[in-house]
Structures are given as structure tokens and as C-alpha cells.
Amino acid sequence: MKIKALEIPDVKVLYPAKFDDDRGFFSEIYNKSTYEKIGIQEEFVQDNHSLSRAVGVIRGLHYQCSPFAQAKLVRVVRGTILDVAVDIRKNSETFGRWVSAEISAQAWNQIYIPKGFAHGFVTLEENTEVNYKVSARYAPELEKSIAWNDPALKIEWRISEGAVTLSDKDMQPMSFAAYCQCPDF
Ligand SMILES: Cc1cn([C@H]2C[C@H](O)[C@@H](COP(=O)(O)OP(=O)(O)O[C@H]3O[C@@H](C)C(=O)[C@@H](O)[C@H]3O)O2)c(=O)[nH]c1=O
């Protein structure tokens, strides 16, 4: 499996092998032992799937607090996203920095985001479907949203502010400054 290092190397983009033949293709999209060998030693306990109809849907930036902090393994089964991970580990050298990667059905790639990152994505195509594994169950009481457009983060979403669709929850996020004042994730 090809692995692409990002500027924060704990976040990885993976390219699982895809075997094409006359019938179509076959691909191992997750294999515990293969992923463990490349350092992804998670016990994934939940699979999520979302559809975003429009271009410019932003979901994020989300994280869950301990003891339900989540590592995520994200892929796209239809369309394209720009996926973003913000380092919210207060003891990290890269605290407050972010990385992004284009993830698409066409590229057949995945992004691995460990615990300690706020995660979000923007859809770059209509009817984009995202499928991802998480290492802790959904715990809505411990789920938080940091502002996607927080000026302290300066995330390049590749979309103009007016073209963005958000959930009600993501329209009432906390600022990154507020996160800095509260306990670590
Ligand atoms: C995340 C989640 C949501 N839900 C429900 C709650 C709500 O009624 C509906 C939609 O939830 P949300 O608006 O939170 O969905 P969404 O904005 O897509 O949330 C997701 O965003 C991406 C970026 C992530 O990283 C995920 O971890 C998750 O936070 O689905 C679950 O039942 N289980 C789950 O694990």
C-alpha cells in the first residue's frame, strides 16, 4: 500500500491496492494486520456513511472528548472532498496547525486521522458520499465543534464563504481560542 506523508506525519494518506479486471475491481479497504504494520493500531468500533448533496457542504471541525476521543479512517465512495485535520493536542509541537488532502472515489485513497485532531471536510463534487471508521462510539454529549473558518486557524478550504452549507450545530461552534482555554480533548 502506498502511503503519503503529510506535513503533520501522524496524519497519513493511504492508497490501498485496487485490482481491476473484466468484472470490475477488488480492493481491501481495511485489513487490521496490514494497517497495524504501518502503525495504525486502532480498534475501530463504528462505521459511518454520509451523503452531502451540494458542492461546498462543510462538516466540521469535530472532535469527541476523552474517554471517547476518536481516531478516524476516512474514504470517499462517490465524489471528492478536501479533508482537514487540525492538531488539538496541547502538548504537540504542531498544536493549532492543520493538514489537508483531497480524498476521492477516483483516487481510491483514504486519510487516517489519529485521536487529538479536530476533523472536517468540504465536498468538492455534488452527491459526495463519505465512509469512515471510528475508534470510539458516538458520544453526542462529548462531541464538540470548532469553527471551520476560525481566523486563528486560517484553513484554506478552497471554497468561498458564501458557497458553504453548514449544519445548525456547526453554525454555533466554539472558537479555537475557547478550545485553548478548556481542558485538552
Ligand atoms: C456523528 C454521528 C451522528 N449521528 C446522528 C446525529 C444527528 O442526528 C445526525 C447528523 O449528525 P452530525 O450533524 O453530527 O453529522 P456530521 O456533521 O456528518 O458529523 C460528522 O462530521 C465529520 C466531519 C466527523 O469527523 C464525524 O466524526 C462526525 O462528527 O446523525 C449518529 O447517530 N451517530 C454518529 O456517530
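Source: prediction; values computed, not measured.

> How should the sheet that holds strand β9 (residues 98–104) be read in this particular structure?
Neighbouring strands of a sheet are bound in pairs by backbone hydrogen bonds; such pairs are parallel or else antiparallel. Across the sheet, which stays open at both edges, the five strands sit in the order β9-β8-β11-β6-β13 with antiparallel pairing between neighbours. Looking at the sheet topology across the chains shown, the edges are occupied by β9 and β13 (143–145). Within this sheet the neighbouring strands show an average axis-to-axis angle of 25°, counted without direction. The pairing of strand β6 (residues 58–64) with strand β11 (residues 117–123) spans three bridges and is antiparallel. Counted as the bridge partner of histidine 62 is histidine 119 from β11.

> How should the pattern of salt bridges be read in this particular structure?
A pair can form between side chains of opposite charge whenever their charged atoms are brought close. One pass over the structure, following the stated rule, counts ten salt bridges. The residue lysine 32 makes a salt bridge to glutamate 43 at a minimum N-O spacing of 3.8 Å. Residue lysine 32 is found in helix α1 (residues 32–37), and its partner glutamate 43 is found in the loop between α1 and β5 (46–52); the two are separated by eleven residues along the sequence. Relative accessible area serves as the criterion here: at 38%, lysine 32 is assigned to the partly exposed category. Where aspartate 87 meets arginine 89, a salt bridge forms, and the shortest distance between an N and an O atom there is 2.9 Å. Note on accessibility: aspartate 87 and arginine 89 belong to one class, buried.

> Would you explain the side chain of serine 27 in this entry?
By the secondary structure assignment, serine 27 is in the loop between β4 (24–26) and α1. Of note is the side chain of serine 27, whose polar atom sits 2.9 Å from the backbone oxygen of alanine 17. Each residue touching serine 27, except ones within four places of it in the same chain, is listed here: Pro16, Ala17, Lys18 and Trp108.

> Looking at this structure, how should I read the sheet that holds strand β12 (residues 128–134)?
The six strands are arranged β1-β2-β10-β7-β12-β5 in an open sheet whose pairing can be described as antiparallel. The strands lining the two open edges of the sheet, one partner per strand, are β1 (2–5) and β5. The sheet shows a mean angle of 25° between the axes of neighbouring strands, direction not considered.

Calculation rules
Residues numbered from 1 in each chain as written. Predicted model: local features only at pLDDT ≥ 70, side-chain atom pairs only at ≥ 80, totals over all residues. Heavy atoms only, no water. Pairing = 2+ DSSP bridges. Helix = DSSP H or I, 4+ residues; strand = E, 2+ residues; numbered from the N terminus. Axes fitted to C-alpha atoms, helices over the stretch in contact; angles between N-to-C directions. Salt bridge = Lys/Arg side-chain N within 4 Å of Asp/Glu carboxyl O. Buried < 20%, exposed > 50% of the residue type's maximum accessible area, 1.4 Å probe, protein only. Polar contact = N/O pair within 3.5 Å; in protein donor to acceptor, adjacent residues only side chain to side chain. Contact = heavy atoms within 4.5 Å.

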